[in-house]
Amino acid sequence: MARPLDGTPGTRGTRGTRGTRGTRGTRGRRRALLALRALALAALAAAAVPPAPAEAAAQAPGRAAARAGCEGPITPAPQQIVEDCDTPARIIDKAAHTVPTPGQRTWQQREITAFTHFGMNTMTGRQWGSGAEDEKLFDPPELAMDQWMRAYKAAGAKQVMLTAKHHDGFVLYPSRYTDHDVEASPWWTKGPGGRNPDGDVLGAYVKAARKAGLKVGVYLSPADGAELPHAWHAQWVEKIREKQQNGEELSLPERMALEDGDRAPAGQGRYGNGSKPTERTIPTLVPGDDRTDKVASGALPSFRFAADDYDAYYLNQIYEILTQYGPVDEFWLDGANPWGGAGVTQHYNVRNWFELIHALSPNSVIFQGAQGVRWVGNEDGVARETEWSVTPSAVDPWTVIGGGLPNDSTDADIGSRAKLTAPGVRYLQWYPAEADVSIRPGWFHDPAERPKTPDQLMSLYERSVGRNASLLLNAGPAKNGRIDDADMASLTAFGKAVRTTYGTGSRPTTGHPVTFDRVRLGEDIRQGQRVEEFAVQARVAGTWRDIASGTTIGARRILPLAAPVTADGLRIRVLASRAAPRLLPPTVHLSEAGRR
């Protein structure tokens, strides 16, 4: 847990809005906690500690009050606690009053984020690195980041996100905590006087994105092949060689490790090394640290966490990114842990990560994190026909990656009434879906692959953005440091098609018929997500006809019709809802195919 260095009790960043937890104490205590949260965030030194045993005991009367108040009004919040006394009907009412944070609501309005997979793998032609690659391999001829941003904006992206560190552990900014970074590469010295002004890849990316008017996200892989313990790695490589000699199939990480088998991991052996958590100061100042005076004066905040070696390394990198390049709009935590089956497992203390991110960048949404966004459950860029932004959890979402959803968010049903009221559910949270997909089959650019066509991308848009998710579309630059011309053409045509079809909408009215083959709906998600079933009717030649139907709506629902319809009236019939529906005005649209 984290504590500010001055010993003042901290808060959990935006965790102060955690649903009905406040009903466990008195109303005055809740106001005091909220006031403390505001002061702490203003100082950028917020962090959290769990209630001490004595404090927990003192909350017992609050729990009794919560039980007695299970029929009282429900306060809208991004997270709700399911009490033992809650009836199924009250749980559904709590779900109807689970609402997004300001950061989540803004994120959902952006629709498309461009993902930039770029790094050591781009240089080696791999999709998965080993962590033993030589830093000298990172040597692109140029990084045409303004061209990247033009491509992403042409596709309609409002936000961009860079892989600052992928699973291979190579870091795209000069970090104080590893030598396996861009500062050790030829790219760093490529320039006048042996210093590249764009040597800091992450810094240059953030600058280019903000110049282009784009929001910024950062991907920082928790899994880190460069930090694997050296002795374990050597033994593992020998076992892989035995598997190969025996004709056994090798996994992708095993194949990459074998290719680099004569090289040790490039880091300091901190990942899964069995170190015990001890109290650490974040940032952990290093000899000659340029932040020393600012930390001492309080101009930069400090925190204390109980962390093992790797968690301390990861926390220090979070701190570097958010204090040097932030705040950011999305922080992406990949859930991959490829070495667990081989005997190395790093137990992440994700509460520490979430709290530090929220303290330093309060409006960031964390992918797979508390009060963040979730994986849609596939890498095809397709959301469910029934996609809920309110999901249940049996455990505190602040303690796990993935929000407590079972089966890595892949279940077909994750938010129905049956799921919300199932035994063991203790929390409800606003947890919208992000649908990730790459323009090419691989995530890192491969010249042998071809990009998806504009029509394919448009179909993905309608099946992600049009199903209450946001689209995370990867288009990684090539080894030459530029977005491939074929990718640029496809992204540009796709963006034009979206703007042509959905840039402006119409509403058929009496005396003003409109021809359309798409209907776009939305709920006012400031009030939550409530609609469970609906039907769309159009007035055609004076008669109301059913033309479409569905289950969830959420932030956006796009309904493609089988054929164009000409109508002078449109109405939405809500057939089932968790509470009074709050719909946005519907619009109709005509696709490019419908115009032909």
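See above for the structure.
Now for a description of the structure that goes with this document. Everything numeric here is computed off the predicted structure, so don't read it as measured data. (Residues numbered from 1 in each chain as written. Predicted model: local features only at pLDDT ≥ 70, side-chain atom pairs only at ≥ 80, totals over all residues. Heavy atoms only, no water.)

**Describing the nonpolar core**
Argument step 1. Ranked by internal contacts, the top residues of the largest apolar core, which has 96 residues, are Phe138, Tyr152, Phe331 and Phe494.
Argument step 2. A per-element tally of this core places helix H12 (residues 309-324) first, with 9 residues.
Argument step 3. Ignoring any residue separated from it by four or fewer positions in sequence, one finds phenylalanine 494 in contact with Ile112, Ala155, Pro454, Leu457, Met458, Tyr461, Leu471 and Leu473. (Core = buried A, V, L, I, M, F, W, Y, C linked by side-chain atoms within 4.5 Å. Buried < 20%, exposed > 50% of the residue type's maximum accessible area, 1.4 Å probe, protein only. Helix = DSSP H or I, 4+ residues; strand = E, 2+ residues; numbered from the N terminus. Contact = heavy atoms within 4.5 Å.)

**Focus on the sheet that holds strand S15 (residues 514-521)**
Argument step 1. Taken together, 3 strands build an open sheet; the order of strands is S18-S15-S20 and the sheet is antiparallel. In this open sheet, the two strands that pair with only one neighbour each are strand S18 (557-567) and strand S20 (587-589). Each adjacent strand pair in this sheet contributes to an overall mean axis angle of 35°, direction not counted.
Argument step 2. Bridge analysis of S15 against S18 gives 7 bridges, and the strand direction is antiparallel. In the strand pairing of S18, threonine 515 is matched with threonine 566. (Pairing = 2+ DSSP bridges. Axes fitted to C-alpha atoms, helices over the stretch in contact; angles between N-to-C directions.)

**Digging into the packing of aromatic side chains**
Argument step 1. If you walk through the whole model with that rule in mind, you get 21 aromatic pairs.
Argument step 2. Where tyrosine 271 meets tryptophan 339, the ring centres are 5.5 Å apart and the plane angle is 75°; that geometry is what we call edge-to-face. With a gap of 68 residues between them, tyrosine 271 in the loop between helix H10 (252-259) and strand S6 (278-282) and tryptophan 339 in the loop between strand S8 (330-332) and helix H13 (350-360) connect regions that are remote in the sequence. As far as the burial class goes, tyrosine 271 and tryptophan 339 line up, both buried.
Argument step 3. Residues tyrosine 461 and phenylalanine 494 carry aromatic rings whose centres are separated by 6.3 Å and whose planes lie at 65° to one another, so their mutual orientation is edge-to-face. With a gap of 33 residues between them, tyrosine 461 in helix H15 (residues 454-464) and phenylalanine 494 in helix H16 (residues 485-502) connect regions that are remote in the sequence. Each member of the pair tyrosine 461 and phenylalanine 494 is classed as buried.
Argument step 4. Clustering of aromatic rings is evident, with ring pairs tying together Tyr271, Tyr310, Tyr313, Tyr314, Trp339, Tyr348 and Trp353.
Argument step 5. The side chain of arginine 195 reaches across the aromatic face of tryptophan 188, ending 3.9 Å from its centre.
Argument step 6. One cation-aromatic arrangement involves arginine 270 over tyrosine 313; the distance from NZ or CZ to the ring centre is 3.9 Å. (Phe/Tyr/Trp six-rings, centres within 6.5 Å; stacked < 30°, edge-to-face > 60°. Lys NZ or Arg CZ within 6 Å of the ring centre and 35° of its normal.)

**So, empty space enclosed by the protein**
Argument step 1. In the structure shown here, the tally under the stated rule is 4 cavities of 30 Å³ or more.
Argument step 2. Within this model, the largest cavity holds a volume of roughly 50 Å³.
Argument step 3. Lining the largest cavity are Phe118, Gly119, Met120, Asn121, Thr163, Ala164, Lys165, His166, Asp168, Phe170, Leu172 and Phe444.
Argument step 4. Looking at the lining of the largest cavity, the element that brings in the most residues is strand S4 (residues 159-165), giving 3 residues.
Argument step 5. Surrounding the second largest cavity, Ile112, Ala114, Tyr152, Ala155, Ala157, Leu473, Ala475 and Leu491 form its lining.
Argument step 6. Residue composition of the lining of the second largest cavity, grouped by class: 8 nonpolar, no polar and no charged. (1 Å grid on protein atoms, 1.4 Å probe; cavity = no way out; pocket = protein on both sides within 12 Å on 5 of 7 lines; lining within 4 Å. Points joined across faces, edges and corners; volume = space filled by probe spheres on them. Nonpolar A, V, L, I, M, F, W, Y, C, P; charged D, E, K, R; others polar.)

**Focus: the pairing of strand S11 (residues 390-393)**
Regular strands show a simple pattern: their side chains alternate between the two faces of the sheet.
Argument step 1. Burial of the side chains of S11 extends over both faces: Val390 and Pro392 are buried on one face and Thr391 and Ser393 on the other.
Argument step 2. Examined bridge by bridge, S11 and strand S12 (residues 427-430) share 4 bridges and lie antiparallel to one another. When the sheet's bridge partners are listed, valine 390 is paired in S12 with tryptophan 430.

**Notes on the layout of surface pockets**
Argument step 1. The computed volume of the second largest pocket comes to approximately 440 Å³.
Argument step 2. The wall of the second largest pocket is formed by 20 residues, among which His167, Asp334, Ala336, Glu379 and Trp443 lie closest to the centre.
Argument step 3. Of the residues assigned to the lining of the second largest pocket, the class counts are 10 nonpolar, 6 polar and 4 charged.

**Digging into the side chain of arginine 520**
Argument step 1. Here arginine 520 is to be found in strand S15.
Argument step 2. Residue class for arginine 520 comes out buried when judged on its relative accessible area of 17%.
Argument step 3. Of note is the side chain of arginine 520, whose polar atom sits 2.6 Å from the side chain of glutamate 111.
Argument step 4. Once you skip the residues sitting within four places of it in the chain, arginine 520 turns out to touch Glu111, Tyr461, Tyr502, Arg556, Arg557, Ile558, Pro586, Thr587 and His589. (Polar contact = N/O pair within 3.5 Å; in protein donor to acceptor, adjacent residues only side chain to side chain.)

**Notes on the state of the cysteines**
Argument step 1. A complete count under the given rule lists 1 disulfide for this structure.
Argument step 2. Each sulfur of the disulfide joining cysteine 70 and cysteine 85 lies 1.8 Å from the other. Taking the torsion about the S-S bond as the criterion, the cysteine 70 to cysteine 85 disulfide, at about 45°, is right-handed. In this pair, cysteine 70 is assigned in the loop between helix H3 (60-68) and strand S2 (79-81) and cysteine 85 in the loop between S2 and helix H4 (88-96), connecting sequence segments 15 residues apart.
Argument step 3. Judged by its relative accessible area of 9%, cysteine 70 is buried. (Disulfide = S-S within 2.5 Å.)

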